Amino acid sequence: MSNRHPEIFRRHPHNPILTPAAWPYPANSVFNPGATLLPDGTTLLLCRVEDRRGHSHLCVARSANGVDSWQIDSQSTLLPDPEHFPEELWGIEDPRITYLPELSKYGIVYTAYSGVGPGVALALTKDFEHFERYGMIMAPEDKDAALFPHRIGGQWALIHRPVSAPGAHMWMSYSPDLRHWGSHKLMLEARRGGWWDANKIGLSSPPIETPQGWLVIYHGVRQTPAGCIYRLGLALFDLQEPGRCLKRGDEWIFGPEEQYERRGDVDNVVFPCGYTLASDGDTIHLYYGAADTCIALATGSIRGILNWLHEDG
Ligand code: BMA
């Protein structure tokens, strides 16, 4: 028997695949990108870019193979607009993209950093050039949110992570029109005590629809005397009732190991906000921010992930 943990996600040998040095304009850090595959097969990353004020905006990078030769927009793609949306006073962060076939639009759910804390905001786009901004849809303190790709029981559904005392847990909310949200349900609780995902968890990339259920990659934040460690875990939820957890892995499956994940503006962080699925329907490319400084890629198999979850969950 081997003494190694199974490798659920394999890091790309070219990691980190995007760094601030690649940017066409000055950037302190580029991280936590949303991701999607465009109809022509291009990988589009919507990257969080932090400037030297400490404020973030979003910028598109495109690549034919999802690994290199990135075409980065020559200026910011989506800037905070505090004049019309005061909720975006201190920037916009951590976009998560879901294609919504009913509207033929992409839904981008992101963190709007308001003067009284971060909340969840929504914008729709067809082309990543023009955006319909819905403003803040979940009041502070709330973040780590993404839409499901289609209505469930006639309602749009959103995963998000409000902060409550004690702890920060994942919730589901429903809406008839993407503007008015209610029917809030606790989806997944942070564990307690000595667990790797005690006290604070949040959604990573948007939920993945599989025949066995909604596969959710989430992050757990371990507080240690030397600072936090952000790691990833897995859970599976009922297709019709996505607030109902069917399986949850006990162990984390991915955590900071490489130098670019261990050291940066915020040490010991792996933070995915997006994935793409290859044409085989099984290979998943997970794009993640590393140490709040750069962007990296890791690849896995949905089938492999589900098998692991059935054994460990
Ligand atoms: C979270 C988010 C992420 C960030 C992480 C680690 O709360 O703000 O944007 O990557 O902390 O700093």
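Starting afresh in each chain, residues are numbered from 1 along the sequence in its written order. Residue-level local features of this predicted model are given only where pLDDT is at least 70; pairs of side-chain atoms are given and counted only at 80 or more, and the full residue set underlies all totals for whole chains, interfaces and linings. Think of the side-chain values as coming from all heavy atoms in the structure, minus any hydrogens and water.

Trainee: For this particular structure, what's the right way to read the site of the ligand?
Mentor: As a matter of local geometry, the ligand sits amid Asn32, Arg48, Asp94, Lys143, Tyr230, Val266, Val269, Phe271 and Asp292. Any N or O atom pair separated by 3.5 Å or less is treated as a polar contact, with the protein-specific requirement of one donor-capable and one acceptor-capable atom, and with residues adjacent in sequence counted only for side-chain atom pairs. At a separation of 3.1 Å, an oxygen atom of the ligand approaches a polar side-chain atom of Lys143. For the ligand, an oxygen atom lies 2.6 Å from a polar atom in the side chain of Asp292. To measure how exposed things are, a 1.4 Å probe is used in the Shrake-Rupley method; for residues, cover is taken only from the protein chains shown. Burial of the ligand by the protein chains amounts to 86% of its free accessible area of 310 Å². By convention in this text, a residue qualifies as near a molecule or strand provided that one of its non-hydrogen atoms is within 4 Å of it.

Trainee: For this particular structure, what's the right way to read the sheet that holds strand 1 (residues 10–11)?
Mentor: Whether parallel or antiparallel, the strands of a sheet pair through hydrogen bonds between backbone atoms. Pairing between two strands is assigned when DSSP locates at least 2 bridges connecting them. Helix and strand labels come from DSSP, where a helix needs a run of H or I of at least four residues and a strand needs a run of E of at least two; each type is numbered from the N terminus. Read across the open sheet, the four strands follow the order 1-21-20-19; overall the sheet is antiparallel. Of all the strands in the sheet, just strand 1 and strand 19 (270–277) have a single pairing partner and so form its edges. Sheet analysis places strand 19 next to strand 20 (residues 283–290), joined by seven bridges and oriented antiparallel. Residue Leu277 lies in a different strand from strand 20, and its bridge partner there is Ile284. In what follows, residue pairs with any heavy atoms lying within 4.5 Å of each other are defined as contacts. Only the contacting stretch of a helix is used when fitting its axis, a line to C-alpha atoms as for every element, and angles between N-to-C directions run 0 to 180 degrees. Against the sheet, helix 2 (residues 302–312) contacts strand 19, strand 20 and strand 21 (294–301), and its axis sits at roughly 75° relative to strand 21.

Trainee: Please clarify how the sheet that holds strand 2 (residues 29–37) should be interpreted in this entry.
Mentor: Strand order across the open sheet formed by four strands is 2-3-4-5, with antiparallel pairing between neighbours. Of all strands in the sheet, those bounded by a partner on one side alone are strand 2 and strand 5 (71–72). Examined bridge by bridge, strand 3 (residues 43–50) and strand 4 (residues 56–63) share eight bridges and lie antiparallel to one another. Bridge assignment links Thr43 to a residue of strand 4, and that residue is Ser63.

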